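Examination of the molecular architecture
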Amino acid sequence: PAAALPHQLKPQPKPKLLLPSDQPDELHLKLMWYNPVPPIDQQTWRLHLKGLVEKPRQLPLAELRAVPQQTQSSRMTCVQCWSARTSWSGFRFEEVLAIAKPSKKAKAVRIDCADKWYEYFSIEDLLNPRVMFVLDMADQPLTDNHGAPLRLLDPSRYGYKSAKLITAIPFVEVGKGRMACYIG
């Protein structure tokens, strides 16, 4: 058998629940979750684009992989005083805008996650050229432990703003705070 390249993620058994860990993985990233949840079934998962949009959509993973993809090397920095750099691949928010066709009233989005975490972002913030909706990490499909099938990457903010296990993106008139404010 071929030896694993240093940047490759080692195959992991499918966990029953996604649980936080203070032990860094092989990419030196720690795994954090708001609530323990089972991994998402990527065969049945759909990204829900809804709210103030021309036509609500439910996109399977294959459709998201078909939009133009980009790759970047970025550092994930945690408020818990650790950081790590890896390569991330996915699509920019412009692709979401083209698919969803939000109304002119939409000025923000709420990103909803399977673990009940959510974050609000202005549309302007998500158009930053370094912000990415991630499908691949370290040249491989995003793993369950890193938020598969879809996560956000915003390297200019602490990691808790880079929502994982994304299930829906509702377009709204006003962003109403952020999750971290409501949990203490």
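Counting of residues starts from 1 at the beginning of each chain's written sequence and follows it residue by residue. A pLDDT threshold of at least 70 governs which residues receive local features in this predicted model, and a stricter bar of 80 or more applies before side-chain atom pairs are shown or counted, although totals over entire chains, interfaces and linings include all residues. As a rule here, side-chain values cover all heavy atoms of the structure and leave hydrogens and water aside.

1. Remarks on the overall build of the protein chain
Broken down by element type, the protein chain carries four helices and 10 strands. Only DSSP runs of H or I covering at least 4 residues are called helices, and only runs of E covering at least 2 are called strands; the numbering of each starts at the N terminus. Starting at the N terminus, the α and β elements of the protein chain follow one another as β-β-α-β-β-α-β-β-α-β-β-β-β-α. Exposure is judged per residue with a 1.4 Å probe applied to protein chains only, and the accessible area is read against the type maximum: over 50% gives exposed, under 20% gives buried, and values in between give partly exposed. Taken across its 184 residues, the protein chain has 43% of its residues classed as buried. In this description, contact between two residues means that some pair of their heavy atoms is separated by no more than 4.5 Å. For the protein chain, long-range pairs separated by at least 24 residues make up 62% of all intrachain contacts whose partners lie at least 6 apart in sequence. Accessible surface, the protein chain as shown: approximately 9,900 Å² in total, 54% of it carbon and sulfur. With residues, only the protein chains shown are counted as cover, and all accessible areas are computed by Shrake-Rupley using a 1.4 Å probe.

2. Comments concerning the sheet that holds strand S10 (residues 166–172)
Overall, mixed pairing links the five strands, which are arranged S2-S1-S10-S5-S6 in an open sheet. The open sheet terminates on both sides in strands that have one partner only, identified here as strand S2 (57–60) and strand S6 (118–122). Averaged over all pairs of adjacent strands, the angle between their axes in this sheet comes to 20°, without regard to strand direction. Two strands pair if DSSP finds at least two bridges between them. Bridge count for strand S5 (residues 108–113) against S10 is four bridges, and the pairing is antiparallel. Note that in S10 the partner of Asp112 across the bridge is Ala168. For every element, the axis is a line fit to its C-alpha atoms; helices are fit only across the contacting stretch, and the angle between N-to-C directions ranges from 0 to 180 degrees. With respect to the sheet, helix H2 (residues 93–100) is in contact with strand S1 (46–51), S2, S5 and S10, its orientation differing from that of S10 by roughly 65°.

3. Re the pairing of S6
Among the five residues of S6, four are classified as buried, and the element is accordingly described as predominantly covered. Judged from the five bridges that link them, S5 and S6 form a sheet pairing that is antiparallel. Paired with Arg110 across the two strands is Tyr120, which belongs to S6. Counting the residues in the hairpin turn of S5 and S6 gives four residues, including Lys116, whose phi is positive at 75°.

4. Let's talk about the environment of Ile40
Inspection of the secondary structure assignment puts Ile40 in the segment before S1. Expressed as a C-alpha distance, the spacing of Ile40 and Leu165, which sit 125 residues apart in the sequence, is 7.4 Å. If near-sequence neighbours (up to four positions away) are discounted, Ile40 is found in contact with Trp45, Ala114, Asp144, Ala148, Pro149 and Leu165.

5. Side note on the confidence of the model for the protein chain
Of the residues in the protein chain, 80% have a pLDDT of 70 or more, and the chain-wide mean is 85. Confidence of the predictor at the level of single residues is given by pLDDT, which spans 0 to 100. Note that residues 1–5 has pLDDT below 50 and, in this model, zero contacts with residues that lie over four places away or in other chains.

6. Focus: H2
For H2, the set of buried residues is Phe93, Val96 and Ala100. The arc that holds every buried residue of H2, seen down its axis, measures 50°, which confines them to one face. Lys101 sits one or two residues past H2 and shows a positive phi near 50°. Throughout, the arc means the angular range of directions from the helix axis out to the C-beta atoms.

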